[in-house]
Structures are given as C-alpha cells and as structure tokens.
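Commentary on secondary and tertiary structure
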Amino acid sequence: MKFIGRNASSPNATRWDTFEKLIPPEQTPPAERKWQQRYQKSPSFLSLHLGVKADTLPTGTECHHILLEDWNRMEDPEGTIFVSIPTLLDPALAPPNHHIIHTFTPSWMEDWQGLSPTEYQHRKEAAAGRVIARLEKIFPNLSAHLDYQEVGTPRTHRRFLGRDDGTYGPIPSRKLKGLLGMPFNRTSVPGLYCVGDSTFPGQGLNAVAFSGFACAHRVGVDLGF
Ligand SMILES: Cc1cc2nc3c(=O)[nH]c(=O)nc-3n(C[C@H](O)[C@H](O)[C@H](O)COP(=O)(O)OP(=O)(O)OC[C@H]3O[C@@H](n4cnc5c(N)ncnc54)[C@H](O)[C@@H]3O)c2cc1C
C-alpha cells in the first residue's frame, strides 16, 4: 500500500530518525544523505475499531472492502477508506452475535496537533462520524448498530507504535528503478547496520522479516562466521 500525498513537516523518516539520533546530521556520510533524499514519510492513519451487532452485516458480506467515491481524492486525508472484518474469518474474536470492523483512512499528524484535550476528543468523534456515515453505504444503519468504538489518530500511532509522526512507513520521494534501489543493511559507517521497513525490500511484515534475516546473515558474514 503506497501513498504519495502531502509532505509532512519533516519528510525524512524511519531509518533516518534512528540514524540521525546516532550520528549528528553534519557528520552523516554523503552516501547516507543521498539515501535520505530518495524517501519520504507516507501518511499516518485515522483508525476505527468498531464492535457491531452481527445483523449490521448484510448476508454474504466480504472480509475486506475499499471505499472511494472520488478517484481524485484517492490520496487525500480521509480519501480512501479501508475496511477489514476479522470476525468473518474467526468469529471467536468477538462476543457471540457481534463483529469487529477495523476501518482506517489516511491522516496526517499536522491535522491533529495543537489541540486541547477537549478539542482533540471532539475532532476524533467528528472524524469517526464522517467515516461511519460513508460506511453506511456498505453497512446501512451502521451508527445505530454500534456497540463499541475506539478511534486512533496519527498521535495514537506515534505513541503506541513509536513511529515518527505516526507514519505508515517510508515511500520513494520520486520514481525509483525497482526495489533494488533501496538501502541494504550495511551503511557507510563500518559496523553500523540498518534493518526494517526503510531497507530492502521495504514495508510489511514479510518484508521486514526478510530484512532481519538478511541483516543477521550480513553481520555473521562480516564477523567471519
Ligand atoms: C496501522 C498499520 C497497519 C499495518 N498493517 C499491515 C498489514 O496488515 N500487513 C503487513 O504486512 N504490514 C502492515 N503494516 C506495516 C508493518 O507493520 C511494518 O512494515 C512493520 O511493522 C515495520 O517493521 P519494522 O521492524 O521496520 O519497524 P517497527 O515495527 O516500527 O519497529 C521499530 C521498533 O523500534 C522501536 N524504536 C524506535 N526508536 C527506538 C529507539 N531509539 N530505541 C529503541 N527502540 C526504538 C519502536 O518502538 C518499534 O518497536 C502496518 C503498519 C501500520 C502502521
């Protein structure tokens, strides 16, 4: 899943956040600075976890949905809505006669900053209301069947996932010639390795598991094992 939308306030994320905390920017090797220019932060998400009564879902409802009314708004905040209903695959995840709807839509940190706790709460409720109203095209009367609602914002992602500005992860800042243009595990600093979603082969659990395996292998080889 890749989004190239608005640039957040500090566009270089992930690898570089940790990296820059270890090495001051003025001492960063030129090759590493070049990598930084090739990637930018993707947005964060507004996430809703909903508990709903089972009859909210029409018979034959599929597990995953993507809702987009206007192609021109695909990459905008609250443009595309993603829906996943895990209890259609494993009903034991929710109490009997209930389902979990996890739904999320792109959102940027800058839209959630500088708010008082009350304003933050109101903004969360308003944003959740907009998403739920749109989802009623797929699930009629969804709001009337809500049993439970939790709203997560970019601030939630930042706090609980430790991601800079709550970003989903790094994306190319311009068109790259395939994934092989991504950084590998070694850096220009001898003995300093990078691993995870800002290195080859990128985002997602499978990809970062591969990255971890590859990095361990690389370290082992460099140590002569
Ligand atoms: C909302 C959301 C939904 C997603 N859904 C999916 C999905 O369905 N399928 C899929 O394959 N992928 C999904 N992803 C992507 C996937 O989660 C990431 O690509 C993956 O977790 C990245 O792994 P990582 O190890 O590189 O980074 P992270 O998982 O972010 O791990 C980095 C860790 O480093 C810690 N850390 C940061 N700085 C420091 C520091 N200075 N000192 C010590 N610790 C530090 C953080 O706390 C964190 O635990 C999703 C991501 C998000 C945000």
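All of these numbers come straight from a predicted model, not from anything done at the bench. (Residues numbered from 1 in each chain as written. Predicted model: local features only at pLDDT ≥ 70, side-chain atom pairs only at ≥ 80, totals over all residues. Heavy atoms only, no water.)

1. Notes on the domain arrangement of the protein
We note that the domain assignment places domain 1 (15-42 + 167-222) and domain 2 (44-161) within the protein. Put simply, the middle of domain 1 and the middle of domain 2, counted by C-alpha atoms, are 31 Å apart. (Domains from an automatic or database assignment.)

2. Some details on the pattern of salt bridges
Enumeration over the complete set of coordinates arrives at 10 salt bridges. In this structure, the salt-bridge partner of Glu 78 is Arg 130, at a minimum N-O distance of 2.8 Å. With Glu 78 in the loop between strand 3 (64-67) and strand 4 (81-84) and Arg 130 in helix 3 (residues 117-135), the pair connects residues that are 52 residues apart, well separated along the chain. On the basis of relative accessible area, Glu 78 is assigned to the buried category, the value being 16%. The closest approach of N and O atoms between Arg 218 and Asp 222, which form a salt bridge, is 2.6 Å. A residue pair is termed a helical-turn pair when its members lie 3 or 4 positions apart in one helix, as Arg 218 and Asp 222 do in helix 5 (residues 205-222) at four residues. Judged by relative accessible area, which is 33%, Asp 222 ranks as partly exposed. One network of salt bridges, with partners in common, ties together Lys 41, Asp 164 and Asp 165. (Salt bridge = Lys/Arg side-chain N within 4 Å of Asp/Glu carboxyl O. Helix = DSSP H or I, 4+ residues; strand = E, 2+ residues; numbered from the N terminus. Buried < 20%, exposed > 50% of the residue type's maximum accessible area, 1.4 Å probe, protein only.)

3. Points about the site of the ligand
Neighbouring residues of the ligand: His 157, Leu 161, Arg 163, Tyr 168, Gly 196, Asp 197, Gln 203, Gly 204, Leu 205 and Val 208. Contact between the ligand and Asp 197: an oxygen atom at 2.8 Å from a main-chain N or O atom of the residue. Taking 1,000 Å² as the accessible area of the ligand by itself, protein coverage stands at 47%. Listing elements by their share of the shell around the ligand, those giving two or more residues are helix 4 (154-161) and helix 5. (Near = heavy atom within 4 Å. Polar contact = N/O pair within 3.5 Å; in protein donor to acceptor, adjacent residues only side chain to side chain. Areas by Shrake-Rupley, 256 points an atom, 1.4 Å probe, with all protein chains shown as cover.)

4. What about the environment of Asp 222?
As a C-alpha pair, Asp 222 and Pro 25 span 197 residues in sequence and 26 Å in three-dimensional space. Ignoring sequence-local partners within four residues, the contact set of Asp 222 consists of Arg 186 and Tyr 193. (Contact = heavy atoms within 4.5 Å.)

5. What to know about the pairing of strand 2 (residues 44-53)
Strand residues, when the strand is regular, have side chains that alternate between the two faces of the sheet. For strand 2, the tally of buried residues reaches eight of 10 residues, placing the bulk of the element in the interior. Relative to strand 5 (residues 98-107), strand 2 is paired through 10 bridges, and the arrangement is antiparallel. In the sheet register, Gly 51 faces strand 5, and the bridge partner there is Ile 100. Here strand 2 runs beside strand 6 (residues 146-152); their pairing, made up of six bridges, is antiparallel. In the strand pairing of strand 6, Leu 48 is matched with Val 151. (Pairing = 2+ DSSP bridges.)

6. Quick word on unusual backbone geometry
Outside of glycine, negative phi angles account for most residues, and trans bonds account for most peptide bonds. A cis geometry characterises the amide bond from Phe 200 onward to Pro 201, with omega recorded as 5°. Here Pro 201 is to be found in the loop between strand 7 (170-172) and helix 5. Non-glycine residue Asn 97 carries a positive phi angle of around 65°. Topologically, Asn 97 is positioned in the loop between strand 4 and strand 5. Positive phi is not limited to glycine here, since Asp 165 has a value of about 55°. Counting through the fold element by element, Asp 165 comes out in the loop between helix 4 and strand 7. A relative accessible area of 14% places Asp 165 in the buried class.

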